[in-house]
Amino acid sequence: MKNCGECGNVCMLAGATAQCFLGKCEIDTCFDGKYDVDGDPSNGCEYTCVVPVPGPELCNGLDDDCDGLTDSDDPDLVPPPNFCTTTPGTPCENTQILCNGAAGWSCSYPAGVEVVQGFVKLTESKCDGIDGNCDGQIDEWFTDLGKPCSDMGVSQCKDFGLIVCDPQNAATTKCDLSFPAKRRAAGPEQCNGKDDDCNGLIDDNLPDEAFAMEPIPGTSPVVLVDRHEASRPDATLMTAGILETVACSRPMVLPWTGGGYPEAEAACASRGPGYRLCTAQELEKACRGAADTLYPYGDTYETLTCNGADQPVQGVVATGTLAACTVTGTQVTDLSGNVTEWTSTQTNADPARAASSSSTAARTSPPASASPAPSSCPPAPPSPPSSPTSASAAAGLTRTRAQAHPQ
């Protein structure tokens with residue numbers, strides 16, 4: 001092979017043993033680890049491959065088949081089947097598998113897919129509106145999503161919303177109060193068994209305006225009397241209520257009955273300083289009115305005007321139901337008929353009548369104003385040793401259930 005095709009042409013090829021074929025130097029065999037990948041015999045077996053035994057191309061940073069192409073550059077590289085999650089209809093549907101050389105295969109999942117050590121999580125840990133585990137369901141592990149919720153408000157001060165993902169912390173949910181249901185705006189506290197001023201307390205620190213009262217004629221200093229028979233804060237047109245924290249003065253609710261003298265006294269006093277039970281004399285003055293009539297409505301008895309013995313209405317009616325049973329020139333109602341009233345004056349000692357009694361509050365005021373802020377008033381007479389009953393200062397003049405007919 002010293003004169004291959006012409007004199008002096010010696011066949012010597014790099015990385016290979018040579019042969020002369022038809023007057024040309026050709027590769028006979030490549031040395032171990034050397035390969036002819038460019039098909040040009042003139043440069044011999046030009047490619048060095050470190051793989052001791054060539055085989056199918058793998059994703060490992062090596063040229064496994066010794067063809068001069070490594071990993072993804074080699075069209076002979078075949079990705080392993082089902083290596084990535086590609087569930088149709090989920091964010092994983094178009095996931096690409098990548099060869100990362102010596103690091104091996106990986107999956108290029110889109111943003112929002114939750115991955116741990118290269119694999120999609122079985123259980124979503126983020127509440128983000130994305131099917132993070134590509135199982136066809138969105139945020140299914142957050143079972144409270146979409147359910148009603150509310151803030152820490154009380155009763156009508158409570159605001160309602162829906163549970164949503166917390167945009168500040170994807171691991172949790174929050175109550176979104178931006179939905180249509182809104183709390184009622186806070187206002188002055190009223191005597192109604194509700195938290196009107198939204199401070200978390202019911203019927204607390206009630207202002208004088210919470211009680212409907214009017215001055216009693218002929219009192220000095222001026223004493224105010226309730227416009228309506230005492231009622232429980234949660235009383236309604238059909239029920240007398242169960243709350244007994246304070247005595248209210250409200251129209252069109254069932255009056256407070258069933259209590260004894262201590263209960264009536266405490267219910268009035270619980271309004272605050274200056275409030276107490278009326279005396280029998282004060283209640284009679286309130287009933288007679290400025291005109292000093294025999295009945296709230298005049299001097300002539302009317303059988304159906306008030307809820308008395310001649311009234312076909314059966315039982316106790318809501319305060320102010322009989323609009324004509326009003327003290328002339330005022331808005332004070334039911335001072336004749338309906339239920340008996342507790343006063344601070346003892347008139348008899350029949351405890352059995354306590355079951356149908358209500359209380360009537362009085363408030364002493366400076367004579368210069370008909371509706372001033374409460375001031376300290378002379379204390380009510382002490383509770384008598386025996387249980388007093390309602391004050392019937394004169395037949396038909398106090399709020400006795402059985403209205404007397406004049407003789």
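Quick note: structure is the one above.
Anyway, here's the lowdown on the structure attached to this text. In this text the structure is predicted, and so the values were computed from the model without any measurement. (Residues numbered from 1 in each chain as written. Predicted model: local features only at pLDDT ≥ 70, side-chain atom pairs only at ≥ 80, totals over all residues. Heavy atoms only, no water.)

Side note on the sheet that holds strand E11 (residues 173-176)
Strands pair in a sheet through their backbones, by hydrogen bonds, and they do so in one of two ways: parallel or antiparallel. What counts here: By this definition, two strands are paired if DSSP reports at least two bridges between them. Helical segments are the DSSP runs of H or I of at least four residues, strand segments are the runs of E of at least two, and each set is numbered from the N terminus. Here an axis means a line fitted to C-alpha atoms, over the contact stretch when the element is a helix, while the angle between two N-to-C directions is reported on a 0 to 180 degree scale.
Taking strand neighbours across the sheet as the criterion, the 3 strands line up as E9-E10-E11 in an open arrangement whose pairing is antiparallel. Two strands in the sheet have a free side with no partner beyond their single neighbour: strand E9 (148-150) and E11. The average angle at which neighbouring strand axes cross in this sheet is 50°, direction not considered. Alignment of E9 against strand E10 (residues 160-165), held across 3 bridges, turns out to be antiparallel. Counterpart to Ser150 in the pairing with E10 is Phe160.

Digging into unusual backbone geometry
The step from Ser220 to Pro221 runs through a cis peptide bond, and the omega angle for that step is -5°. With respect to the element layout, Pro221 can be found in the loop between strand E12 (213-215) and strand E13 (223-226). Even without glycine at this site, Asp139 takes up a positive phi of about 50°. Structurally, Asp139 can be placed in the loop between strand E8 (119-120) and E9.

Some points on the pattern of salt bridges
Rules: A side-chain nitrogen of Lys or Arg and a carboxyl oxygen of Asp or Glu constitute a salt bridge if their distance falls within 4 Å. Three exposure classes are used, based on accessible area relative to the maximum for each residue type with a 1.4 Å probe and protein chains only: buried under 20%, partly exposed in between, and exposed over 50%.
All told, the structure shown has 7 salt bridges when counted by the stated rule. As a salt-bridge pair, Asp226 and Arg271 come within 2.9 Å of each other at their nearest N and O atoms. With Asp226 in strand E13 and Arg271 in the loop between helix H1 (261-269) and strand E14 (275-277), this pair connects stretches of sequence that are 45 residues apart. Classification of Asp226 by relative accessible area gives buried; the value is 0%. Residue classification places Arg271 among the buried residues on the basis of a relative accessible area of 6%. Between Arg276 and Glu282 there is a salt bridge, with the nearest N and O atoms lying 2.8 Å from each other. Sharing partners across several salt bridges, the network here consists of Glu284, Arg288 and Asp292.

Describing the state of the cysteines
Counted only if it meets this: The term disulfide is used for any two cysteine sulfur atoms that are within 2.5 Å.
Under the definition given, this model contains 11 disulfides. A sulfur-sulfur distance of 1.7 Å marks the disulfide that ties Cys30 to Cys45. On the S-S bond that ties Cys30 to Cys45, the torsion sits near -75°, and the link is left-handed. Here Cys30 is found in strand E2 (residues 24-30), whereas its partner Cys45 is found in the loop between strand E3 (34-35) and strand E4 (47-48), with 15 residues between them in sequence. Each disulfide pairs two cysteine sulfurs, and for Cys306 the partner residue is Cys325, the sulfurs being separated by 2.0 Å. Taking the torsion about the S-S bond as the criterion, the Cys306 to Cys325 disulfide, at about 95°, is right-handed. One end of the pair, Cys306, is in the loop between helix H2 (280-288) and strand E15 (340-342); the other, Cys325, is in the loop between H2 and E15, and 19 residues separate them in sequence. In this model Cys268 remains outside any disulfide bridge; the closest cysteine sulfur is found in Cys278, 7.4 Å from its own.

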